[in-house]
Amino acid sequence: EYFFEISRSAGAPVQDERLFFHIPEDKRKAAEDFLAKQGVVKGDLLLGLNPGPAGTAKCWSAANFAALGDILAEKLGAKVLLRGAPGDEDLMIDIQQRMKTKSIVASPTGLQELAVLAEHCAVFVSNDTGPMHISVAAGTPNTMIYDRERRMIYTQTTLATTTIQGDVTLTG
């Protein structure tokens with residue numbers, strides 16, 4: 001929104017406020033083939049979790065992501081997709097081992113594959129990372145875990161943004 005205001009104040013009209021991310025057809029096909037091989041079919045409730053990057057102060061813990069994945073799978077009957085970048089493999093294994101329910105691991109994936117995976121998700125939950133913005137460009141509602149010290153959760157869709165501040169406790 002900040003950059004849109006700069007543009008408007010300079011007299012340049014903003015035609016479309018939506019983010020856009022180009023996806024080559026081969027990347028789209030590879031990501032969709034991956035989902036099909038994992039048993040994801042049209043009509044499945046797929047929820048994406050993007051817990052990386054591991055070990056930074058801004059990140060939610062592996063235990064919290066695992067608990068969230070279990071809650072969403074058990075309460076909603078959702079399939080949980082764990083998405084990671086190169087270097088996040090150990091984090092993905094840690095979360096998957098902590099989960100009681102089965103999850104799908106897509107790690108490592110590039111940003112173009114991420115956009116396709118996010119398009120198939122009903123919601124995308126991420127730490128404060130670039131993939132959160134990619135999921136918005138894909139049109140996927142998302143929730144960003146933002147800044148452990150201030151304990152904020154920020155949710156965004158292509159139409160609205162909400163910020164919740166306070167302690168977050170995960171319970172079944």
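Residues numbered from 1 in each chain as written. Predicted model: local features only at pLDDT ≥ 70, side-chain atom pairs only at ≥ 80, totals over all residues. Heavy atoms only, no water.

**Some remarks on the overall build of the protein**
No. 1: The secondary structure content of the protein amounts to six helices and seven strands.
No. 2: Element order for the protein, N to C, with α for helix and β for strand: α-α-β-α-β-α-β-α-β-α-β-β-β.
No. 3: Going through the 172 residues of the protein one by one, you find that 37% of them count as buried.
No. 4: Long-range pairs, those at least 24 residues apart, make up 53% of the contacts in the protein between residues at least 6 apart in sequence.
No. 5: A total accessible area of about 9600 Å² is found for the protein, and carbon and sulfur atoms account for 55% of it. (Helix = DSSP H or I, 4+ residues; strand = E, 2+ residues; numbered from the N terminus. Buried < 20%, exposed > 50% of the residue type's maximum accessible area, 1.4 Å probe, protein only. Contact = heavy atoms within 4.5 Å. Areas by Shrake-Rupley, 256 points an atom, 1.4 Å probe, with all protein chains shown as cover.)

**Thoughts on the packing of helix α2 (residues 25-37) against helix α5 (residues 111-119)**
No. 1: Packing of α2 against α5 leaves a shortest axis separation of 8 Å and a crossing angle of 50°. Comparing the axis directions of α2 and α5 gives the class oblique. Considering only the axes of α2 and α5, their crossing is right-handed. For the pair formed by α2 and α5, the contact residues are Lys27, Arg28, Ala31, Glu32, Phe34 and Leu35 on the first element and Gln112, Glu113, Val116, Leu117 and Glu119 on the second. (Axes fitted to C-alpha atoms, helices over the stretch in contact; angles between N-to-C directions. Parallel < 35°, antiparallel > 145°, perpendicular 65-115°, else oblique. Left-handed = near helix turned anticlockwise from the far one by under 90°.)

**What about the packing of aromatic side chains?**
No. 1: Overall, the coordinates contain one aromatic pair when judged by the stated rule.
No. 2: Note on Trp60 and Phe65: the rings are 5.2 Å apart at their centroids and 80° apart in plane angle, and the pair reads as edge-to-face. (Phe/Tyr/Trp six-rings, centres within 6.5 Å; stacked < 30°, edge-to-face > 60°.)

**Overview of the side chain of Thr140**
No. 1: Along the chain, Thr140 falls in the loop between α6 (130-137) and β5 (142-146).
No. 2: Residue Thr140 is classed as buried on the basis of its relative accessible area of 2%.
No. 3: A polar contact of 2.5 Å, which involves the side chain of Thr140, links it to the backbone oxygen of Ala118. (Polar contact = N/O pair within 3.5 Å; in protein donor to acceptor, adjacent residues only side chain to side chain.)

Distances and angles like these do not, on their own, reveal function.
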